[in-house]
Amino acid sequence: MARRALLTDRERELIEEGEDADDDLRYQAVSRVRRKINEELTTDVELLREYHPDLYDELRDAVCEQPE
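What this report covers is the structure whose coordinates are included nearby. (Residues numbered from 1 in each chain as written. Predicted model: local features only at pLDDT ≥ 70, side-chain atom pairs only at ≥ 80, totals over all residues. Heavy atoms only, no water.)

1. Overview of the side chain of Glu-11
Test applied: In this description a helix means any DSSP run of H or I spanning at least four residues, a strand means any run of E spanning at least two, and both kinds are numbered starting from the N terminus. The definition of a polar contact used here is a pair of N or O atoms within 3.5 Å, where within protein one atom must be able to donate a hydrogen and the other to accept one, and adjacent residues in sequence count solely through side-chain atom pairs. By definition in these notes, contact holds between two residues if any of their heavy atoms fall within 4.5 Å.
Tracing the sequence through the fold places Glu-11 in helix 1 (residues 9-17). For Glu-11, the side chain forms a polar contact with the side chain of Arg-32, separated by 3.1 Å. With near-sequence residues (within four places) excluded, Glu-11 lies in contact with Leu-6, Ala-29, Arg-32, Val-33 and Lys-36.

What follows is the structure in structure tokens.
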């Protein structure tokens, strides 16, 4: 089983397919990801910021890094 960060393999597929994906399945995938971001990820970020600032900085750098 592959490791993942935020998206499952299926969520990645549905989001990558864009307009070609089944609308209901894509909507559900987007909704699940949004919920993960707003609930779970927010909690994890706060925990890292308070209890492991070095990991918090690494996460912030990875997420906020500007693509080249």
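2. Let's talk about the pattern of salt bridges
Formally: The term salt bridge refers to a pairing of a side-chain nitrogen on Lys or Arg with a carboxyl oxygen on Asp or Glu at a separation within 4 Å. Each residue is assigned to one of three classes by its accessible area relative to the maximum for its type, calculated with a 1.4 Å probe on protein chains only: buried under 20%, partly exposed between the two thresholds, exposed over 50%.
Applying the stated criterion across every chain yields a total of seven salt bridges. For Asp-9, the salt bridge is made with Arg-12, and the minimal N-O distance between the two is 4.0 Å. Here Asp-9 pairs with Arg-12, and both are found in helix 1, just three residues apart, close to one helical turn. Relative accessible area serves as the criterion here: at 47%, Asp-9 is assigned to the partly exposed category. The residue Arg-10 makes a salt bridge to Glu-13 at a minimum N-O spacing of 3.0 Å. Here the residue Arg-10 and the residue Glu-13 both occupy positions in helix 1, the gap between them amounting to three residues, near one helical turn. Arg-10 sits in the partly exposed class, given a relative accessible area of 39%.

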